[in-house]
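Fold and geometry: a report
Below are the chains, spelled out letter by letter.
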There are 2 protein chains.
Amino acid sequence: MAAKKQTTEVRQDEIARAALELVGTRGMKGLSMAAIARKVGIVPSAIYRHYRNKDDVVDAILDYLQRGLGGNVRTIAYLEGTALERLHFLLMKHIELIQQNKSIPVVVFSAEVYKGSPRRRVKLLGIIESYLAEIAAVVVQGQNEGAIRDELDPKTVAIMFMGLIQPSTILWHLSVGGYDVAKQAEAAWPVFRRAIEMDSSP
Amino acid sequence: MAAKKQTTEVRQDEIARAALELVGTRGMKGLSMAAIARKVGIVPSAIYRHYRNKDDVVDAILDYLQRGLGGNVRTIAYLEGTALERLHFLLMKHIELIQQNKSIPVVVFSAEVYKGSPRRRVKLLGIIESYLAEIAAVVVQGQNEGAIRDELDPKTVAIMFMGLIQPSTILWHLSVGGYDVAKQAEAAWPVFRRAIEMDSSP
DNA sequence: GCTCCATGTGAAGAAACATTCACATAGTTT
DNA sequence: AAACTATGTGAATGTTTCTTCACATGGAGC
C-alpha cells in the first residue's frame, strides 16, 4: 500500500494541517509522528523527507497560525466604516476563524507548545503581540474619530478585546461543543462597546 | 540516601504540590513521575505507595485547584459591601491566587489535562462552571441592589469577568513575567465596571 | 526490646516514540 | 527508453517513561 508520491510543498502543507488538527482533537500529547503519518496516509519515516524533525513540524503549525490571524487583521484594515464597526467585524471574523479551525485556541493556550522551547515561546508571543498591536491601532483610530474614550489605554482595550473571546473558546472545548461561542460574543459585544465608547450626551 | 518516612496523608499532599509546580514550570510534558519524585525527595516507585498511578496524581492536582478557587469565592460570600465592591475584590483575590500559584492557569488552559480523559474534562468543566455560577450570583445581587443593569445576562457578565484575567495570565506566561497582571486588571476594572453598572443619571 | 506494617529502594520489564538507514519506486529529465 | 532524483517503505535502534516486584527499613504499638 504505497502512498502516491507528492511534491514536498504539497506534503509539507498536508503534514502541517494534519498536525494542527491532531493537536486540536488530542492535544500536544497526542501529536506523534505516527499519528500524523496515519492521517496523511504515509509512513512515519516519510515525514522526514519533508521536515527535519518533530520540532520543525510544530514550528510549521505556528506559521500556519500566524498566516490565519494575520489574514484576519488585514481584512479589516481595508474595510470602510467607523472604528467601532470594524472592531465588531473583527470580533466576528475572529470567531469565524476559530470555529472553522477549532485547534487554534488549543495551540495558543497550551503551555506545552512553548514550555521548554524559548524560541517557540518568543515566536508565539510575537504572533499574539502583533495581533494586539493591530487591535490597538483600530482603537486609536476610534479615539481620533471621537468614538472611543480618550482616556483609555489602547493596549488595555486590546487585551480586553481578546478577553471577549478567550473564555468562551475554552468553555467550548471543555463542553465539547456545548457552548455557542458566537452567541456569547454577540451578547458581550454591546456591553464591551458601552464600556469603551464616548458618552453620547455632552 | 533513604528519605525520611512520612504518613501517606503528608506525602500525598507533597506529591500533589510538586506536581502542580512542575506543570507550571515545565508544562504537562515535563510532568514525569521521576521529576515529581526528585522534587519530593523520594524515589519514583515510592509514589505508588500513595497514588495508584500517574492519572491519580493529575486528578489530585485538579482537587487542589478546586479547593483554591472554591476558597476564593467563599471569602467574598461573607463580605460586606455592595455587589460591585465585592466583584472588584474577587478580581483582586483571583489575581492574588494565580500570582502565588502561577501554575493554575497552565493547568486550566492546557488541553493536555482533559484531552483523552472524558472524566477529567467533566471535572474541570465542573470546577469552572461552579466558579462562573458564583460570579453570576454576585451579579444578580448587584442587579437586585439596582447597581448593575437589569437587562444583562448574569452568565454573560460572569464569562466577561473571566475574560478580564485570562489574556493577561497567558501573556504573563508567554513573556516570562514581563506582564504585570495586577496592573492590567486594575486598568481593566473601571472599564468593565462602566460597562455593567446602572446609569447614574436617571 | 520485639514485632509488624507502612513506607522507601533499586532493578527490571514493557510500551511508546523519535529518528536513522538501506532499499524500493514513481515520475521527470535527458 | 535509460538514468537520475525525490519520495515512500519497513526494519532497527536508542531513549524515555510508567509501572511492577522483591527486598529493606524505620517507627508505632505491645
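That block above? That's the structure.
Residues numbered from 1 in each chain as written. Chains lettered and ligands numbered in written order. Predicted model: local features only at pLDDT ≥ 70, side-chain atom pairs only at ≥ 80, totals over all residues. Heavy atoms only, no water.

Here we come to the overall build of chain A. For chain A, the helix and strand inventory stands at eight helices and zero strands. When its helices and strands are written in sequence order, chain A yields α-α-α-α-α-α-α-α. On the principal axes, the C-alpha backbone points of chain A span a range of 75 × 30 × 30 Å. Buried residues in chain A amount to 51% of all 202 residues. (Helix = DSSP H or I, 4+ residues; strand = E, 2+ residues; numbered from the N terminus. Buried < 20%, exposed > 50% of the residue type's maximum accessible area, 1.4 Å probe, protein only.)

Glancing now at the pattern of salt bridges. Charged atoms that come close allow side chains of opposite charge to pair. Applying the stated rule across the entire model yields 24 salt bridges over all chains. A salt bridge links D55(B) to R120(B), with the shortest nitrogen-to-oxygen separation between them at 3.8 Å. Taken together, the residues span a long stretch of sequence, with D55(B) in helix α3 (residues 54-77) and R120(B) in helix α6 (residues 118-145) at a distance of 65 residues. Look at D55(B) and you get partly exposed, because its relative accessible area is 37%. Since its relative accessible area comes to 5%, R120(B) is described here as buried. We note a salt bridge from R193(B) to E197(B), for which the minimum N-O separation is 3.2 Å. Connected through shared salt-bridge partners, D55(A), D59(A), R119(A) and R120(A) make up one network. (Salt bridge = Lys/Arg side-chain N within 4 Å of Asp/Glu carboxyl O.)

With that out of the way, let us pick up the relation of the copies chain A and chain B. Relative to chain B, chain A is turned by 180° and slid 0.0 Å along the rotation axis, the superposed coordinates differing by an RMSD of 0.1 Å. The superposition operator between the copies reduces to a two-fold rotation axis. The share of interface residues of chain A whose copies in chain B are also at the interface is 100%, consistent with both copies meeting through the same surface. (Least-squares fit on C-alpha atoms with pLDDT ≥ 70 in both. Contact = heavy atoms within 4.5 Å.)

Let us look at the protein's contact with DNA strand D. Taken together, 25 residues are adjacent to DNA strand D, and R11(A), S45(A), R49(A), H50(A) and K5(B) come closest. The sugar and phosphate moieties of DNA strand D supply 42% of its atoms located within 4 Å of the protein. Taking V43(A), its main chain carries an N or O atom lying 3.0 Å from a phosphate oxygen of DNA strand D. One of the side-chain nitrogen or oxygen atoms of Y48(B) is found 2.8 Å away from a phosphate oxygen of DNA strand D. Those elements that place two or more of their residues in the surface near DNA strand D are α1 (8-26) of chain A together with α2 (33-40) of chain B. Residues of the surface near DNA strand D, tallied by class, amount to ten nonpolar, eight polar and seven charged. (Near = heavy atom within 4 Å. Polar contact = N/O pair within 3.5 Å; in protein donor to acceptor, adjacent residues only side chain to side chain. Nonpolar A, V, L, I, M, F, W, Y, C, P; charged D, E, K, R; others polar.)

We now examine the side chain of S168(A). Of note, S168(A) is situated in helix α7 (residues 154-174). Its relative accessible area of 3% is what places S168(A) among the buried residues. In this structure, S168(A) is in contact with V181(A), Q184(A) and I159(B), ignoring residues within four places of it in sequence.

Let us look at the interface of chain A and chain B. Across the boundary between the two partners, chain A contributes 48 residues, which contact 48 residues of chain B. Scanning the region where chain A abuts chain B turns up two salt bridges. Linking R194(B) and D199(A) is a salt bridge whose minimum nitrogen-to-oxygen distance equals 2.6 Å. Run the count over chain A and chain B and you get 19 residue pairs in polar contact (both at pLDDT 80 or more).

Here we take up helix α4 (residues 83-100) of chain A. Residue and element names in this part refer to chain A. Across its 18 residues, α4 extends 25 Å between first and last C-alpha, which sits within 8% of the 26 Å expected from 1.5 Å per residue. Considered for burial, the residues of α4 that qualify are A83, L84, R86, L87, L90, L91, H94, I95, L97 and I98. Of the surrounding elements, those touching the buried residues of α4 are α3 (54-77), α5 (103-109), α6 (118-145), α7 and α8 (181-196). (Expected span 1.5 Å × (residues − 1).)

Time to look at the nonpolar core. I36(A), I196(A), I36(B) and I196(B) are the most contacted members of the largest nonpolar core, which has 150 residues in total. If we skip the residues at most four places from it in the chain, I196(A) touches L84(A), L87(A), A147(A), I148(A), R149(A), L152(A), V157(A) and V191(B). (Core = buried A, V, L, I, M, F, W, Y, C linked by side-chain atoms within 4.5 Å.)

A separate point is the packing of α1(A) against α3(A). Residue and element names in this part refer to chain A. Packing of α1 against α3 brings their axes to within 9 Å, and their N-to-C directions diverge by 85°. When the interaxial angle is binned, α1 and α3 end up roughly perpendicular. Contacts between α1 and α3 pair D13, I15, A16, R17, A19, L20 and V23 from the former with V57, A60, I61 and Y64 from the latter. Across the contact of α1 with α3, the residue classes break down as nine nonpolar, no polar and two charged. (Axes fitted to C-alpha atoms, helices over the stretch in contact; angles between N-to-C directions. Parallel < 35°, antiparallel > 145°, perpendicular 65-115°, else oblique.)

Turning next to the packing of α1(A) against helix α2 (residues 33-40) of chain A. All names here are of chain A. Their axes nearest at 9 Å, the elements α1 and α2 cross at an angle of 120°. As the angle between them shows, α1 and α2 are arranged oblique. The handedness of the crossing between α1 and α2 is right-handed. Residues R11, E14, I15, A18, A19, E21, L22 and R26 of α1 pack against A35, I36, R38, K39 and V40 of α2. Residue composition of the contact of α1 with α2, grouped by class: seven nonpolar, no polar and six charged. (Left-handed = near helix turned anticlockwise from the far one by under 90°.)

Here we come to the protein's contact with DNA strand C. Taken together, 25 residues surround DNA strand C, and among them K5(A), R11(B), S45(B), R49(B) and H50(B) come closest. In DNA strand C, atoms within 4 Å of the protein come 45% from sugar and phosphate. Interatomic distance of 3.0 Å between a backbone N/O atom of V43(B) and a phosphate oxygen of DNA strand C. Along the lines of polarity and charge, the residues of the surface near DNA strand C split into ten nonpolar, eight polar and seven charged.

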